[in-house]
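Listed below, chain by chain, are the residues.
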Amino acid sequence: MCAFQARAQSGERVISGTVTDERGAPVPGASVVVKGTTTGVPTGVNGTYSIRVADNAQTLVFSFIGYLKTEQDIAGKSKIDVQLAPDSRSTNLNEVVVVGYGTQKKATLTGSVATVKGEELLKSPQQNLSNSLAGRVPGLVASNTSGEPGADGSSLLIRGRATTGDNRPLIVIDGVANRLGGLERIDPNDIESFSVLKDAAAAIYGAQAANGVILITTKKGKTGAPTLSYSYNQGFSQPANLPKLADAPTFATLQNEIAYYRNPTGGLNQVYSADDITKFGNGSDPLKYPNTNWEKEVLKNVALQDKQSFSIRGGSDAVNYYVSLGNQYQDGLYKNGASKYKQNNVLANISMKVNDRLKLGLELAYRREDRNSPAGNSSATLFGLVYNQYPIIPAFYPNGLPSPGNAGGQNPALMVNGDVIGNAKSVTSVFNGTLTGSYQLPVKGLSLDGFLAVDQSANNSKTFQQPYLTYLYDKVANTYTTVHGGQSTPQLSQSTQTIDLITTNLKLNYKRTFGPHTFSAFVAAEQSQINDQNFNAYRINYLSTNLPELSQGGSLPTDQGNGGGSTRVARQNYFGRFNYDYNEKYLLEFSLRDDGSSNFGPLHRFGLFPGVSAGWRISQESWMKGSKIFTDLKLRASYGQLGNDRIPANQYFDNLGYSSGVFATGNQVNATGITYYTLANPVVGWEVSKKFNVAVDALLFNSLSVSVNVFKEKRYNLLAQRNASVPGVTGIGSSQIPYENIGKTNNNGFEVELNYNKQINDFRFNIGGNFTYSKNKVVFLDEAPNTLSYQKYTGLPIGSSLYYQAIGVFKSQAEIDAYPHLSGTIPGDLKYEDYNKDNKIDASDRVRSNKSNVPEIIYGITAGASYKNFDMSLLFSGQGNAVQYILPDAGTIANFPSSWADNRWSPNNTNGTYPRADDRSGTYFANQRSTFWLRNTAFLRLKNVQLGYNFSQNVASKLKVHAIRLYVSGFNLLTVTSLKDYDPEGQNETGYFYPQQKLYNIGANITF
């Protein structure tokens, strides 16, 4: 026997090594198989393997669920280390997808569910998780409207906008709906999976699901030896776009033109002489004739940010654990500025197998968010002041004294400095705790699970504003006079807010397979309650800025005040779901939820929300098996009725409040009484959404995945007022009219997603894309019966507005005389279309736009490649069919964007395409909203790019670590758009917002 073994072994050899994932962490349980044979072994808890192969064996095949299969030539080798790459197609049919209150195999999924792996989100160097989503998920609109540290989140919509009310999707984190703290500040290193429910798959969440549902699952422990991971990122941020503004000579010329239009007999140099304009341009006298670039005076070239994370993950058959620590820092763009954000977070997910039937889990998370900003002004106000400042005024005089700017002491170079104007500090602490349990009942396939979740969020804000001095220079007297800025005396305001959420859940599950038939079902009960309490106080007239405490302010009754309030929202729900599949070929799912919400009156507090979906995996039919084209092919359809209960509370009874006024009681005195704020609507209810979805999912040639969804949504019972049809003779004011469930909208569209993957020896690449078109329209809102057809809201998108149709600029008086115009029109004014052909321009010529600032088209393009130790990934995102009204402040009150200044009509440029220089408050601007200022906000953006290098296992071993990865990445590096001056994602009508950020980043991942 021994001799026989010796002869067998003489024709064999042993190959060993380690299998790691894309971040260098060991992969236990991966399959290592000799190609063309059944000989194979799994990797151990440290990702190591040792396999005996025949001398003539040529190739080993490495595979693991969720990763691309890898083949390695073994000729002449005894040690082979392999790093697996994620299967970015997400087409592995055995992949488990997180859905509402459970998981399902991707192969048997019948709803419209999009998923993103946590590893993909880590490729974005952004500090805010919501900014990592654009372009990655079909149907998910992620619009980033600000880059301010600590306030830079993206607004999220699923398949566009479908209601005139609250369009935000429901956020569910680790199974808990409306989890305090939200998703924006979750450390992406802690995320296992990210799912978006877009159709009847969301119906299991009932009255909160009409806008779709986002599910986030954090990492849990894994059986195996402890894996320690550390990551560090250093970022360098810049504004993605800033408007170019007119310089001093141009601005002076514009002021002359404005004076000329108001007094033509005075000529074109009424304010500044030609010599003045020359001096503004040549820099010969920076004291009297400055040429100030206020953006450079206020903003830094580069702001720093950093983020680091440490985690440990492992476990045994009895206990699994995942524990992480993280912190991040963001500096603002302001020079000497107060705008900063700091965060510290900790997460601990621990599960324990008590016995063969009972499992317990404890999930704890804590996060502290510190925000600091200049006191007294929002970032929109500060950037408005930067853009508005006259370039003929210095930020600081040559002797270092600060100027008052052009707004009475409002010098933004000072107002961004917390040491000068004061600081606004906000500290938010968020705790999330969940106790979970599951018990396998004695009946086969029957189990019980549940959780108790306790959340608390506490915010403390403190704003101390202080006066400061600026100096006004008198050119004639060559003297300076002081101008006070900020508050006349120091003042302090403080507030606290505490929010508590308690959620309980109990669920009975059943799952059995009988031959080709698989049944699964559950019934559950859930209850939640949110309590929100807030308090605020202020004091003014502080004698010193050195004692910023409430107790040290003025003592008079007029020097102080306080306020506060509280709210409570409770929900009670009973729900269940049934799934059936026949041999993973014919698929059926049905769900039903009975939802109750305290937002509604006793008679309309509960409602039923059903959902049904079905699928047919054609590729499982005997006549399709063995197809050389279709690896998998599935048809599916769904229908669901979902609700939206996000409405202002307490509408089902009269809302009363105090009101003061003069009462005629003989002697007229000012008295306080009780008045109606809003009349009751005792039958107020939730919005209802009926969603229908049909789709086809296919995997072709085992490398090209295709998914096409067509969806229709009818939304009714939208809350709206009958403002147009309640006559004034009733004595009911517009603010007192209650909201009723009378509105109706439709939202229809389609989604397409493609992904292609290929591996050629050591070279792997993937390319993919997604495209979503969703168009909504108002079916009914209360409009006055005599509303003109082209001005009606009905039939047009939610958020559309009325505009005069600008058809150019009047070039001459002759053009004005030949066409209808507003009274007082002069050459250089905008020319509006006489839309109704009544030979006059008035409000009847306004037309409602067929677009809004929510895009009807969104898309994403992804690409990636790896060769040996190098890898690269790209992400493009874009939008189309969207507009934004932007009319910047300008004229005698503010500077002009260069796009306006350089292209304006003037007596010397009668072919100008922009209107003449004038104040924003001029008749043709502020009073007449026109399409001239309605900008196309379509864009294509290079959202993310990353280039990485993974050090070889030999190098890592010498450094006593499992893996090392270095990378460089970028965010918002390139934007292609027709919009000038402003970022296409901004949504401020004057263009005032903290600009979105362009980010350059370097980072490292080390696994121990």
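Note on numbering: residues in each chain are counted from 1, in written sequence order. The predicted origin of the model limits local features to residues at a pLDDT of at least 70 and limits the giving and counting of side-chain atom pairs to 80 or more, whereas totals for whole chains, interfaces and linings rest on all residues. Based on all heavy atoms of the structure, the side-chain values leave hydrogens and waters out of the count.

Salt bridges are defined as contacts in which a side-chain nitrogen from Lys or Arg sits within 4 Å of a carboxyl oxygen from Asp or Glu. All chains considered together, the criterion is met by 45 salt bridges. Here Glu12 and Arg52 are joined by a salt bridge, their closest N and O atoms 3.9 Å apart. With Glu12 in strand E1 (residues 12–20) and Arg52 in strand E4 (residues 48–54), this residue pair connects regions lying 40 residues apart in the sequence. Categorising residues by exposure relies on relative accessible area from a 1.4 Å probe, with only protein chains included: less than 20% of the type maximum marks a residue as buried, more than 50% marks it as exposed, and the intermediate range marks it as partly exposed. You can call Glu12 partly exposed: its relative accessible area is 32%. The class of Arg52 is partly exposed, set by a relative accessible area of 44%. Salt-bridge contacts for Arg159 lead to Glu751; the nearest nitrogen and oxygen are separated by 2.8 Å. With Arg159 in the loop between strand E12 (154–158) and strand E13 (170–173) and Glu751 in strand E36 (residues 740–760), this pair connects stretches of sequence that are 592 residues apart. Glu751 shares its class with Arg159; the two are buried. What you see here is one network of salt bridges that share partners, running through Arg262, Asp829, Arg916, Asp918 and Asp919. Put simply, DSSP H or I for four residues or longer makes a helix, DSSP E for two residues or longer makes a strand, and each gets a number counted from the N terminus.

Bridge count between strand E8 (residues 96–99) and strand E9 (residues 102–105): four bridges; the pairing is antiparallel. In the strand pairing of E9, Val97 is matched with Gln104. The antiparallel hairpin formed by E8 and E9 contains two residues in its connecting segment, where Tyr101 sits at a positive phi of about 60 degrees. Two strands make a pair as long as DSSP finds a minimum of two bridges between them.

The next point concerns the packing of aromatic side chains. Pairing of aromatic rings covers Phe, Tyr and the six-membered ring of Trp, with a centre-to-centre limit of 6.5 Å; geometry is then stacked below 30 degrees between planes, edge-to-face above 60, and tilted otherwise. Taken as a whole and judged by the stated rule, the model has 41 aromatic pairs. Look at Phe383 and Tyr994: their rings are 5.1 Å apart centre to centre, the planes differ by 65 degrees, and that puts the pair in the edge-to-face class. Of this pair, Phe383 sits in helix H6 (residues 379–388) while Tyr994 sits in the loop between strand E47 (963–977) and strand E48 (997–1007), placing them 611 residues apart in sequence. Under the relative-accessibility criterion, Tyr994 is labelled buried at 1%. Two thresholds decide whether a charge sits over a ring: the Lys NZ or Arg CZ must be within 6 Å of the ring centre and within 35 degrees of the ring normal. Over the ring of Tyr289 we find Lys475; its NZ or CZ atom is 4.7 Å from the centre of that ring. Taking the ring centre of Tyr819 as reference, the NZ or CZ of Lys831 above it sits at 4.7 Å.

The next subject is empty space enclosed by the protein. Using a 1 Å grid laid over the protein atoms alone, points where a 1.4 Å probe fits but cannot get out form a cavity; open sets with protein on both sides within 12 Å along at least 5 of 7 lines form a pocket; any residue with an atom within 4 Å of a point counts as lining. Grid points are joined across faces, edges and corners, and a volume is the space filled by probe spheres set on the points. For the structure shown, the criterion picks out 14 cavities of 30 Å³ or more. Of the pockets and cavities examined, the largest cavity occupies roughly 260 Å³. Lining the largest cavity are 22 residues, and of these Ile186, Leu347, Ala365, Arg367 and Asn432 sit closest to its centre. Sorting the residues of the lining of the largest cavity by element identifies strand E20 (340–353), strand E21 (358–374) and strand E22 (423–440) as the ones contributing at least two each. Broken down by element, the lining of the largest cavity gets its largest block of residues, five residues, from E21. Each residue gets one of three labels, nonpolar for Ala, Val, Leu, Ile, Met, Phe, Trp, Tyr, Cys and Pro, charged for Asp, Glu, Lys and Arg, and polar for the others, Gly among them. For the lining of the largest cavity, the class distribution of residues is nine nonpolar, six polar and seven charged. Looking at the second largest cavity, its volume works out to about 140 Å³. Lining of the second largest cavity is provided by 17 residues; of these, Ala134, Gly135, Ala142, Ile858 and Gly878 occupy positions nearest its centre. Going through the elements one at a time, strand E11 (140–144), strand E42 (857–867), strand E43 (870–880) and strand E46 (939–950) are the ones with two or more residues in the lining of the second largest cavity. When residues in the lining of the second largest cavity are grouped by element, the largest group, four residues, is from E11. Tallied by class, residues from the lining of the second largest cavity come to nine nonpolar, six polar and two charged.

With that out of the way, let us pick up H6. In terms of burial, H6 is a largely internal element, eight of the ten residues being buried. Those residues of H6 that are buried are in contact with helix H5 (294–298), E21 and helix H7 (412–415). Should any heavy atoms of two residues lie within 4.5 Å, those residues are considered in contact.

This brings us to the domain arrangement of the protein. Each assigned domain of the protein is listed here: domain 1 (12–83) and domain 2 (96–223). Start and end positions for the domains come from either an automated domain assignment or a database one. Between the C-alpha centres of domain 1 and domain 2 the distance comes to 35 Å. Across the contact, five residues belong to domain 1 and six residues belong to domain 2. Accessible area, probed at 1.4 Å, shrinks when two parts are joined; the buried area is that loss added up over both. Buried surface at the junction of domain 1 and domain 2, summed over both partners, amounts to about 400 Å²; 41% is from carbon and sulfur atoms. Where domain 1 meets domain 2, there are zero salt bridges. In protein, a polar contact requires one atom able to donate a hydrogen and another able to accept it; more generally it is a pair of N or O atoms within 3.5 Å, and residues adjacent in sequence count only if both atoms are side-chain atoms. Here domain 1 and domain 2 share zero residue pairs in polar contact (both at pLDDT 80 or more) between them. Here the side of domain 1 that touches domain 2 is built from residues that sort into two nonpolar, one polar and two charged.

This brings us to the environment of Ser112. By secondary structure assignment, the location of Ser112 is in the loop between E9 and strand E10 (113–117). The exposure class assigned to Ser112 is buried, which follows from its relative accessible area of 1%. Ser112 sits 493 residues away from Arg605 along the chain, and the two C-alpha atoms are 29 Å apart. What Ser112 contacts, discounting residues up to four positions off in sequence, is Arg159, Val196, Leu197, Lys198, Asp199, Ala201, Arg636, Asn693, Asn709 and Glu751. A distance of 3.0 Å separates the side chain of Ser112 from the side chain of Arg159, its partner in a polar contact.

With that out of the way, let us pick up the sheet that holds strand E5 (residues 59–63). The four strands are arranged E3-E2-E5-E6 in an open sheet whose pairing can be described as antiparallel. Each edge of the sheet is formed by a strand with only one pairing partner; in this case those strands are strand E3 (40–42) and strand E6 (70–73). The mean angle between the axes of side-by-side strands here comes to 20 degrees, regardless of whether they run parallel or antiparallel. Judged from the three bridges that link them, strand E2 (residues 31–34) and E3 form a sheet pairing that is antiparallel. Bridged to Val32 within E3 is Val41. Between N-to-C directions, angles span 0 to 180 degrees; the directions come from axes that are lines fitted to C-alpha atoms, helices contributing only their stretch in contact.

What follows is about the sheet that holds E10. In spatial order, the strands read E10-E15-E16-E13-E14; together these five strands make up an open sheet with mixed pairing. Looking along the sheet, the strands with just one partner apiece sit at the ends: E10 and strand E14 (176–177). Of the pairings in the sheet, the one linking strand E15 (residues 191–197) to strand E16 (residues 213–218) comprises six bridges and is antiparallel in character. For Ile191, the partnering residue across the bridge sits in E16 and is Thr218.

With respect to the helices, strands and loops of the structure, Asn599 is situated in the loop between strand E29 (586–597) and strand E30 (606–617). Taking the relative accessible area as the measure of exposure, Asn599 reaches 5% and is therefore buried. One polar contact links the side chain of Asn599 to the main-chain carbonyl oxygen of Asp645, over a distance of 2.9 Å.

Tracing the backbone shows Thr825 in the loop between helix H9 (813–817) and strand E40 (830–832). In this structure the side chain of Thr825 is engaged in a polar contact, spanning 2.6 Å, whose partner is the backbone oxygen of Leu822.

We define a nonpolar core as any set of buried Ala, Val, Leu, Ile, Met, Phe, Trp, Tyr and Cys residues linked to one another through side-chain atoms lying within 4.5 Å. Counting residues in each nonpolar core, the largest one holds 30 residues, and the members touching the most others are Phe280, Val298, Tyr334 and Ile392. Ranked by residues supplied to this core, first place goes to H6 with five residues. Apart from the residues lying within four places of it in its own chain, the contact partners of Phe280 are Ala248, Pro249, Ala252, Tyr272, Lys288, Tyr289, Pro290, Asn291 and Ile392.

Let us now look at the confidence of the model for the protein. Scored from 0 to 100, pLDDT reflects the predictor's confidence in each residue. Model confidence for the protein is summarised by a mean pLDDT of 92, while 95% of its residues fall at 70 or above. Element-level pLDDT for the protein is lowest in helix H1 (residues 2–9), with a mean of 40, against a maximum mean of 98 in strand E41 (residues 847–848). When the criterion is pLDDT under 50, residues 1–8 qualifies, and its contacts beyond four places in sequence or with other chains add up to zero contacts.

Moving on, we come to unusual backbone geometry. Glycine aside, a negative phi is what most residues show, and trans is what most peptide bonds show. With phi around 55 degrees, Asn583 is a residue other than glycine that occupies positive phi space. Along the polypeptide, Asn583 turns up in the loop between strand E28 (560–582) and E29. You will see that Asp981, though not glycine, has its phi angle at about 80 degrees, which is positive. You can see Asp981 is positioned in the loop between E47 and E48. Residue Asp981 is classed as buried on the basis of its relative accessible area, which comes to 11%.

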